[in-house]
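# Geometric and topological summary
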Amino acid sequence: MSEDLAERAPARTTVGDAVRSARAAYDSGRTRPLRWRRTQLAALERLLAEAEEELVAALAADLGRPAVDAWLADLSSTAAESRHARRHLGWWARTRVTGVPVGVVPAVGTWRPEPLGVVAIIGPWNYPVYLTLAPLVAALAAGNTAVLKPSEYAPATAAALERLVPRYLDPQAVTVVQGGPAETQELIGAGVDHVFFTGSPEVGAEVMATAARTLTPVTLELGGKSPTIVDASADVAVAARRVAWTKLMNSGQTCVAPDYVLVHRDVVDAFLAGFTAAAREMREGDLAMRVVDDRHGARVRGLLAGHGGRVVLGGDTGVTTAGAGDLAGPGVDLTVVLDPDPDSALMREEIFGPVLPVLTVDSMDEAIAFLAARPRPLATYVFSRTRATVEAVRDRIATGGIVTNHTMFHVLVPQLPFGGIGRSGMGAYHGKWGFEALSHRRPTLVKPTWPDPSLVYPPYAESTRKLLRKIF
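Reference entry: report on the structure contained in this document. (Residues numbered from 1 in each chain as written. Predicted model: local features only at pLDDT ≥ 70, side-chain atom pairs only at ≥ 80, totals over all residues. Heavy atoms only, no water.)

### A closer look at the pairing of strand β13 (residues 329–333)
This is how it is decided: Exposure categories follow from relative accessible area, calculated using a 1.4 Å probe and restricted to protein chains: below 20% of the type maximum is buried, above 50% is exposed, and the middle band is partly exposed. We count a stretch as a helix when DSSP gives it H or I for four or more residues in a row; a strand needs E for two or more, and each element gets its number in order from the N terminus. Pairing between strands is defined by DSSP: at least two bridges between the two strands are required.
Here β13 lies mainly inside the structure; five of its five residues are buried. Sheet topology places strand β10 (residues 288–290) next to β13; three bridges connect them, and they run antiparallel. Bridged to Met-289 within β13 is Val-332.

### Quick notes on the sheet that holds strand β5 (residues 174–176)
Going by this rule: When checking whether two residues touch, look at their non-hydrogen atoms; a contact exists if any pair is within 4.5 Å. In this description, a line fitted to the C-alpha atoms serves as the axis of each element, helices being fitted only across the stretch in contact, and the angle between N-to-C directions of two axes falls anywhere from 0 to 180 degrees.
With mixed pairing, the six strands of this open sheet are ordered in space as β5-β4-β3-β6-β7-β19. The strands lining the two open edges of the sheet, one partner per strand, are β5 and β19 (425–426). The sheet contact formed by strand β4 (residues 145–149) and β5 spans three bridges and is parallel. Across the sheet, Ala-146 pairs through a bridge with Val-174, a residue of β5. Together, β3 (118–122), β4 and β5 form the strand contacts of helix α2 (residues 15–27), whose direction differs from that of β4 by roughly 160°. Packing of helix α9 (residues 201–213) onto the sheet brings it into contact with β6 (194–198), β7 (218–221) and β19, and relative to β7 it is tilted by some 175°.

### Considerations on the sheet that holds strand β8 (residues 227–230)
Spatial strand order, β11-β14-β15-β9-β8-β16-β17: seven strands in an open sheet with mixed pairing. Taken across any chain shown, the strands that pair with only one partner, and hence form the sheet edges, are β11 (310–313) and β17 (402–404). Within the sheet, the average angular offset between the axes of one strand and its neighbour, ignoring direction, is 25°. Across the sheet, helix α14 (residues 364–372) lies against β8, β9 (260–264), β15 (355–361) and β16 (380–383), angled at about 155° from β9, the strand it touches most.

See below:
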């Protein structure tokens, strides 16, 4: 960049300036009317439509993501979330009238959702548009202002959001800040009213610890080892193809990707053959999968050391390059490991990459007992034609969400809450659940000045005390 261009380049917004701007916009009161909220949501939808090429190019540069995957996973899903919120906003935001107990009569009780104020949204790198802007949909629908902090590990997408957001949305109410861990920590402690974080459990714990110093509430969308069960009654060909499709998406760098599969011994060979064939067909024989950077690739390949199982597909632990031309980047070969040691790093840590452990089980009771003894995952998938198996998983496994005979599709349903439990997250969003997560349900009680019976005031005679006990 020349000196002249450098002098003309706008200075990046600091965390302090961004929070002050969002606070001023909120305090002005303009975010409360439903008309403003709908206008902002419609503008966000225009951003996604009109800037599709720019965002797709940024996602390709950061992650090597094909255009179809970028549109499906990041853009269309965000737009659908926004349309759903815009259409249902009036119903979600209405004032509700409640009954009151006899001791409070006469009175009218109501409550309505009120915005929280300034919401800090800390986005991840794996779906840097969807997982930054979908929480923004909830924040705007609830009448909040927001400060967005995109991931520094997806720099092209972060820069695109920094350019585009102020072009389409209220530039005072929605601001974008760049930076790394230091800026993230500064934002959390800057006096915001809610922190919405998507990322790993380890970083989520740090976010929560920092937020606790100012008693700032948090929503944590984390991850974990989301398991898949394939029982002997399943349509194994369909199960293998669907697991392969979702595991290949974004090279397995998805918080709800199948992390490992428990397969009944009677169908394990068919599942492995079906998965391998489906993966080779979808990838046209190229099993080198692009990952976000060399550090992440080294971590994933490191999980293949000492796993104690048998590699049945892939397994190259050397440095891999995926993609071609300008989109070439660090990669990891798609790898399937059969029956690894349950205590190995491969089975303890979230993989977040194109490696799939497959464990053989002799019964569904064995599979369920295995899952019940492990940390609670963000999602659990069960492929079965047997109602008893499906119901056993639903009744006995604590998990963020369950999908039967597919994987990950619950994320695309705004009518369902999405969130984790235990180590996999705190709080839920999507649709009205996001609106409620970023709203305060404020009660109002109105009482007339008459009647004003003296019996409620001291001193209390014995007869009055008995009457009060009956009323209250």
